[in-house]
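Given next are the chains, with one letter for each unit.
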Amino acid sequence: MNRTDDLISLGERIANNDQLAYRQLFILFYNKLARFVMGFTKSKELTEEIVSDVFINIWRRRKNIEEIKNLKLYLYVSAKNITFNYLKKLHRENLTDLDSVEIEPEDPFADPGAAMITREMNLKLKAAINELPPRCKLIFTLIKEDGLTYKQTATLLNISESTVENQLSIALKKISGSIRYTFRHN
Amino acid sequence: MVMLNQRGSSQHEFWNLLSKKLSNEATSEELAELQSVLLNNPDLHHQADMLTEMWQQEITNMSPVSEAAYMRHIMKHKDEFFVEENPIEVNTDDTVSETNPGFFRNLFSKKRSTVFSILAFMILTTGAIYLITQKNDTKVPAEQAISSVVTKNGNRTKIVLPDGSQVWLNAGSNLDYNNSVFNKDLREVTLNGEAYFDVTKNAEKPFIIHTKKMDVKVIGTAFNVRSYSYEKTAEASLIRGSIEVTFKDRKDQKIILIPNQKISVANDEIEAPVEKPRKTSVIKNDVRSIPQFVVDELKPNPKYDIIPEIAWTQNKLFFEDESLENIAPMLERWFGKKVVIANASLKNLHYYGNFENETMEEVLSYLKLSKPFNFKIEPDSVVIY
């Protein structure tokens, strides 16, 4: 895949002290990681600190970066671990529960050339995604928006792959249900 | 083959298969199965198409957030990122040169050792006096007694004129006035460079600033005048009060500025256009002529609460979306070190900068992170390539 190749070459450059490559990695993942972490911490400051920790660790261990098989997953797992550590320290372990995660989905771009989805539908879509149960929404976001695989998602969240499958189907079904309703009333 | 009467489970299967397809997790068997389900349940087509379109939608990815976050991240761990491969040698030999007053700034930088600081201070004091004295020694008739305040590149200074007016002189500038007649009938000074004036109110005695292209007449007010001979335009920006600007070559034309207005005059008659005007009212000399000056509105940068034109008076080095070509002379003046852009293609790269206590090296390291370039710090210049 193009993306993984890019990541591999970024990793190589970072291992060679290339700060531009490091910056690219940061910019590439910052928003997604921040969104993921924010889902747990619900605090902007803490989120920024955590993501900064994730990346400073990368820089500090850059000589060994090529040993990491999947840099993307590594970043997410690292983010999660650091987040959970912080939350534990703050005695807010309750926030580490997947069912209390509040993740903010991205804003889809209303493509004027879109064949089927109108702007109104987009709004309904966004609302429907937002109404998904927390765990379901998290899984949907990680897969659809962050591009994690089923397996990676399962590893990251410490759940089974069949749970991931299941939750994603539920998500799609619910979302579709809300659009259908719109469609009928158009 | 999936039958209609097995609606319940086939529905679930459908969603599962569709999910897998969209997330690229479907095996070829599963893809085939999905096709088959769709064939047998045409009403599901629409939903499948809809969801596919949704899944593939572009996301608006306008996010300067990550750039800003990166800057903060880097600065948080400064020591781990700003490490030059060739450390700059602090050579005591350099300090002896009085033509390199950049050390004036370094003097107050916390990074230098105490011994070095004291040495530089002593040398510099002599240097400063040297500069002023020398001006007075030139063939000036005794009765004229022109006082001259000169700042070399890298210095900024504040003086108080005999009438109590305060002048902050930016680097690479000089301000002249006749000490014996100042504050008699007129208060006149001549400026080459950049200065911020806070003029004491005195309607009886107009305060006039002569620059190469324009005269600025003041009653009692605070404003900034910028007229470097090597720059394309000269500017006067008004902060408080009101000033009247007349032009050396067009004596009949007078412009009065009100607070938060700025006037830019082309230094070169031939070269008409002035720098990117924001909201402008252009005054033409005649119908077909090219504008020769532009009155603009000062725009404070809301985020940092700085009016760019006078940021330097608060000891801030500030520029907004400036080309490297324009930034280089600013750095030269600020640090007192020559800056050369060896690679012409870099000249038009634009940067945003907000610096206070950083060294030249830090500023350049910072800038290159947003749009890359290389730089080399040599003993008497900095080369950008």
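What counts, and at which threshold
- Residues numbered from 1 in each chain as written.
- Chains lettered and ligands numbered in written order.
- Predicted model: local features only at pLDDT ≥ 70, side-chain atom pairs only at ≥ 80, totals over all residues.
- Helix = DSSP H or I, 4+ residues; strand = E, 2+ residues; numbered from the N terminus.
- Buried ≥ 20, exposed ≤ 12 C-beta atoms within 10 Å, placed from the backbone.
- Contact = placed C-beta atoms within 7 Å.
- Axes fitted to C-alpha atoms, helices over the stretch in contact; angles between N-to-C directions.
- Parallel < 35°, antiparallel > 145°, perpendicular 65-115°, else oblique.
- Left-handed = near helix turned anticlockwise from the far one by under 90°.
- Nonpolar A, V, L, I, M, F, W, Y, C, P; charged D, E, K, R; others polar.
- Pairing = 2+ DSSP bridges.
- Core = buried A, V, L, I, M, F, W, Y, C linked by C-beta atoms within 7 Å.
- Arc of directions from axis to C-beta.

Participant: Explain the overall build of chain A to me, using residue names and the numbers behind them.
Facilitator: From N to C terminus, chain A includes eight helices and zero strands. From first element to last, N terminus to C terminus, chain A shows the α and β order α-α-α-α-α-α-α-α. Every one of the 186 residues in chain A was classed for burial, and the buried ones make up 37%. Taking contacts inside chain A between residues at least 6 apart in sequence as the whole, the part at least 24 apart equals 67%.

Participant: Explain the packing of helix 2 (residues 19-41) of chain A against helix 4 (residues 65-76) of chain B to me, using residue names and the numbers behind them.
Facilitator: Closest axis-to-axis distance for the helix 2 of chain A/helix 4 of chain B pair is 9 Å, and the angle between their directions is 125 degrees. Here helix 2 of chain A lies oblique to helix 4 of chain B, going by the angle between them. For helix 2 of chain A against helix 4 of chain B, the interelement crossing comes out right-handed. Of the residues in helix 4 of chain B, those touching helix 2 of chain A at A:R23, A:F26, A:I27, A:Y30 and A:N31 are B:V65, B:S66, B:E67, B:A69, B:Y70 and B:H73. Across the contact of helix 2 of chain A with helix 4 of chain B, the residue classes break down as six nonpolar, three polar and two charged.

Participant: Describe the interface of chain A and chain B, and please don't skip the residues or the numbers.
Facilitator: The interface is formed by 34 residues belonging to chain A together with 31 residues belonging to chain B. Mapped onto the side of chain A that touches chain B, the elements with two or more residues apiece are helix 2, helix 3 (44-60), helix 6 (134-144) and helix 8 (161-185) of chain A. Top element by residues in the side of chain A that touches chain B is helix 8 of chain A. It accounts for eight residues. When the residues that make up the side of chain A that touches chain B are grouped by side-chain class, the tally is 19 nonpolar, six polar and nine charged.

Participant: Tell me about unusual backbone geometry, and please be specific about residues and values.
Facilitator: Residues and elements named next belong to chain A. Here K42, not a glycine, exhibits a phi torsion of approximately 60 degrees, which is positive. As for its placement among the helices and strands, K42 is situated in the loop between helix 2 and helix 3. Judged by the 14 C-beta atoms lying within 10 Å of it, K42 falls in the partly exposed class. With a phi close to 55 degrees, H91 is a non-glycine residue in the positive phi region. You can see H91 is positioned in the loop between helix 4 (71-89) and helix 5 (119-130).

Participant: I'd like a rundown of the pairing of strand 4 (residues 173-178) of chain B, residues and numbers included.
Facilitator: Residues and elements named next belong to chain B. Here strand 4 shows a buried face lined by S173, L175 and Y177 and an unburied face lined by N174, D176 and N178. Looking at chain direction, strand 1 (residues 146-151) and strand 4 are connected through six bridges and run antiparallel. Bridged to I146 within strand 4 is N178. With three bridges connecting them, strand 4 and strand 5 (residues 187-198) associate as antiparallel partners. Bridging across to strand 5, D176 finds its partner in T190.

Participant: So what's going on with the nonpolar core? Which residues, and what values?
Facilitator: A:L33, A:V37, A:V51 and A:A79 are the most contacted members of the largest nonpolar core, which totals 59 residues. Of the residues forming this core, the biggest block, eleven residues, is contributed by helix 2 of chain A. Beyond its immediate chain neighbours, meaning those up to four positions away, A:L33 contacts A:V51, A:V54, A:L75, A:Y76 and A:A79. Core analysis: the next-biggest nonpolar cluster, separate from the first, contains 27 residues, B:W168, B:F207, B:V218 and B:A234 among them.

Participant: Talk me through the environment of B:N41; I want residue IDs and the actual numbers.
Facilitator: With respect to the helices and strands, B:N41 occurs in the loop between helix 2 (28-40) and helix 3 (43-55). Spatially, the C-alpha atom of B:N41 lies 9.9 Å from that of B:F14, the residues being 27 residues apart in sequence.

Participant: Break down the pairing of strand 5 of chain B for me, citing the residues and quoting the values.
Facilitator: Residues and elements named next belong to chain B. For strand 3 (residues 166-169) and strand 5, the ladder comprises four bridges, and the chain directions are antiparallel. Paired with L169 across the two strands is A195, which belongs to strand 5. By the bridge criterion, four bridges tie strand 5 to strand 6 (residues 207-210) in an arrangement that is parallel. Following the sheet pairing, R187 is matched in strand 6 by F207.

Participant: Run through helix 10 (residues 360-370) of chain B, naming residues and quoting values.
Facilitator: An α-helix turns once per 3.6 residues; consequently, residues spaced three or four apart project the same way. Residue and element names in this part refer to chain B. Within helix 10, burial applies to M360, L364 and L367. When helix 10 is viewed along its axis, its buried side chains cluster within an angular range of 65 degrees and face the same direction. Taken together, the buried residues of helix 10 touch helix 9 (324-335), strand 17 (350-355), strand 18 (375-377) and strand 19 (381-384).

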